[in-house]
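This is what each chain is made of:
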Amino acid sequence: MTYTTSVDGGDRRDTRQETLYRKISRRLLPLLLVCYVFAALDRVNIGFAKLQMSKDIGISEAVYGLGAGIFFVGYVLFEVPSNLLLARIGTRKTIVRIMLLWGLTSTAMMFVHDTTSFLILRFLLGVFEAGFAPGIIFYLSYWYPPARLAAPMALFMLAGPISSMIGGPVSAWIMTGLHGAWGLAGWHWMFVLEGVPTILLGFVVWRLLADSPAQARWLSAEEKTLVARDIDTGHNPDGKHQFRQVLRDPRVYGLALSYFFLISGMYAVIFWLPTILSGSGVESITAVGLYSALPYAAAIVVMIVLSRRSDRLGERRLHSAVPAIVAAAAMTVAAFTTDRLAVALTAIVVSTACSWGSYAVFWSMPSSYLSGTAAAGGIALINSIGLLGGFVSPTLLGYLKEGTGGDLAGLLALVGMLLAGGIGIAVTRLPARNH
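Residues numbered from 1 in each chain as written. Predicted model: local features only at pLDDT ≥ 70, side-chain atom pairs only at ≥ 80, totals over all residues. Heavy atoms only, no water.

1. Points about the overall build of the chain
Okay, step 1: On a plain count of helices and strands, the chain comes out with 17 helices and 0 strands.
Okay, step 2: The burial tally for the chain puts 59% of its 435 residues in the buried class.
Okay, step 3: Put simply, of all contacts in the chain between residues at least 6 apart along the chain, 84% involve residues at least 24 apart.
Okay, step 4: Counting every atom, the chain has about 16,700 Å² of accessible surface; 65% of that belongs to carbon and sulfur. (Helix = DSSP H or I, 4+ residues; strand = E, 2+ residues; numbered from the N terminus. Buried < 20%, exposed > 50% of the residue type's maximum accessible area, 1.4 Å probe, protein only. Contact = heavy atoms within 4.5 Å. Areas by Shrake-Rupley, 256 points an atom, 1.4 Å probe, with all protein chains shown as cover.)

2. As for the pattern of salt bridges
Okay, step 1: Applying the stated rule across the entire model yields 3 salt bridges.
Okay, step 2: Between Arg148 and Glu18 there is a salt bridge, with the nearest N and O atoms lying 3.2 Å from each other. Within this pair, whereas Arg148 is found in the loop between helix 5 (132-143) and helix 6 (150-157), its partner Glu18 is found in helix 1 (residues 7-57), the two being separated by 130 residues in sequence.
Okay, step 3: Between Lys23 and Glu223 there is a salt bridge, with its nearest N and O atoms 3.2 Å apart. Here Glu223 lies in helix 9 (residues 221-234) and Lys23 lies in helix 1, a separation of 200 residues in the sequence. (Salt bridge = Lys/Arg side-chain N within 4 Å of Asp/Glu carboxyl O.)

3. Section: the nonpolar core
Grouped burial of nonpolar side chains is what soluble globular proteins tend to show.
Okay, step 1: Counting 125 residues, the largest nonpolar core has Ile24, Met53, Phe132, Trp143, Tyr359 and Trp363 as its most contacted members.
Okay, step 2: At 18 residues, helix 1 tops the list of elements feeding residues into this core.
Okay, step 3: Those residues in contact with Trp363 that lie beyond four places of it in its chain are Ile137, Met153, Met157, Tyr259, Ile379, Ile382 and Asn383. (Core = buried A, V, L, I, M, F, W, Y, C linked by side-chain atoms within 4.5 Å.)

4. Focus on the packing of aromatic side chains
Okay, step 1: Under the counting rule described, the total for this entry stands at 17 aromatic pairs.
Okay, step 2: Centre to centre, the rings of Tyr139 and Tyr142 are 6.2 Å apart; their planes meet at 75°, and the pair counts as edge-to-face. Here Tyr139 pairs with Tyr142, and both are found in helix 5, just 3 residues apart, close to one helical turn.
Okay, step 3: One aromatic cluster in this structure is built from Phe138, Tyr139, Tyr142, Trp143 and Trp218.
Okay, step 4: The ring of Trp206 carries the charged tip of Arg92 above its face, separated from the ring centre by 3.9 Å. (Phe/Tyr/Trp six-rings, centres within 6.5 Å; stacked < 30°, edge-to-face > 60°. Lys NZ or Arg CZ within 6 Å of the ring centre and 35° of its normal.)

5. Focus: the packing of helix 5 against helix 6
Okay, step 1: Taken N-terminus to C-terminus, the directions of helix 5 and helix 6 make an angle of 155°; their axes are 11 Å apart at the nearest point. Overall, the two elements helix 5 and helix 6 adopt an arrangement that is roughly antiparallel. Pair helix 5 / helix 6 crosses with right-handed handedness. Touching Phe132, Ala133, Ile136, Ile137 and Leu140 of helix 5 are Pro152, Met153, Phe156 and Met157, all from helix 6.
Okay, step 2: Tallied by class, residues from the contact of helix 5 with helix 6 come to 9 nonpolar, no polar and no charged. (Axes fitted to C-alpha atoms, helices over the stretch in contact; angles between N-to-C directions. Parallel < 35°, antiparallel > 145°, perpendicular 65-115°, else oblique. Left-handed = near helix turned anticlockwise from the far one by under 90°. Nonpolar A, V, L, I, M, F, W, Y, C, P; charged D, E, K, R; others polar.)

6. As for the confidence of the model for the chain
Okay, step 1: Mean pLDDT over the chain works out to 82, with 90% of the residues at or above the 70 mark.
Okay, step 2: In this model, residues 1-11 is a region of pLDDT below 50 whose contacts with residues beyond four sequence positions or in other chains number 13 contacts. (pLDDT = per-residue confidence, 0-100.)

7. Thoughts on helix 2 (residues 61-89)
The α-helix winds at 3.6 residues per turn, so residues separated by three or four positions along the chain end up facing the same way.
Okay, step 1: Here helix 2 contains 29 residues, and its C-alpha end-to-end distance of 42 Å stays within 8% of the 42 Å for a straight helix at 1.5 Å per residue.
Okay, step 2: Approximately 40° is the largest bend angle found in helix 2, and it occurs at Glu79, with the proline Pro81 only one to four residues beyond.
Okay, step 3: Sitting at the head of helix 2, Ser60 places a side-chain oxygen 3.2 Å from the backbone nitrogen of Val63.
Okay, step 4: Count one or two residues on from helix 2 and you reach Gly90, which has phi positive near 105°. (Expected span 1.5 Å × (residues − 1). Bend = angle between axes of the 7 residues up to and from the residue. Polar contact = N/O pair within 3.5 Å; in protein donor to acceptor, adjacent residues only side chain to side chain.)

Following this line, the structure appears as structure tokens:
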């Protein structure tokens, strides 16, 4: 296969490049998407387990909020080391280790019997899952140049809304349909049936995943050369290449702080949506599961549309900032209409879809600015600081709900978080890339 530089040859090269990157997407993204669906499911199914588990083991709203959030403490502590290790030993070994340990721990959640065991297992789940999402984000930068990165990144991140969309009905069905089977509660069965597949997927990853394009047997030598050339020329020459540079770069911390607020808003909705719906008069667990799927179905559409438009126009910052601000506005409506289910649910659908759209485009910004060890450590650093929001926001909402006896204060806190995230992204300007 020969790539020419003439005008007509350039057209042929563009066509062959499109074919090449479609080939890469077909080989990588389905497997990575399925793996991330189960990773995301392990984060959100606790919201459904709570509907039965709280009564069975006697945990308060505040303890639940702490348990939902403490996952991220373990995650943050081990995320940067995991990604730096990935850059040294390879993606396949790292991802397999993560999936086996988190699958075993997720399944072990069936043995929770009191506050202590609940908090310990949630913390360990974060420790063992640390590095998965940022590791894959870094891994995708091996395969796609920055100008093409938003769309495959968004497709990978569809796992978040997909897991929440299918996780609600499936978790509700397991919890109601299998409740009492073999003497186990429905939430016991939910953790088993949603944890074991992760263990099995670890073995699939070991067999199918290539560490980099250079090691992919399904790429020709010419295709490997083209990918390497695209990656090398696509990165910002003014960007950072060493991890020590990242630690001194205010732009990285600007992105991290913005991501913190964005994640705070997103995860609070993920963890508390079943409870909010239940408090709005939806009594059936099955109905809660079905209603919970609606925001994430909308999020899938918004993520695809925004990421493709962002790639086409070559603009990242506003494609991430504006949706976050719209999400804050919609959540304001939801905060004051919790007594009107149709209005509140519509507002939550808009807010959730826009926040996920912002999230999908966001990650193409640091991925184009950072390369080398800076990308491995920098992506993990941004994600680590951001995911502290996954601890802060559900914990804060738990205390606000328990302290005020209602949802208004917590939802208004979400508004402030989403707004701060959108504004932060808008004011964090990265150097323009030379094409």
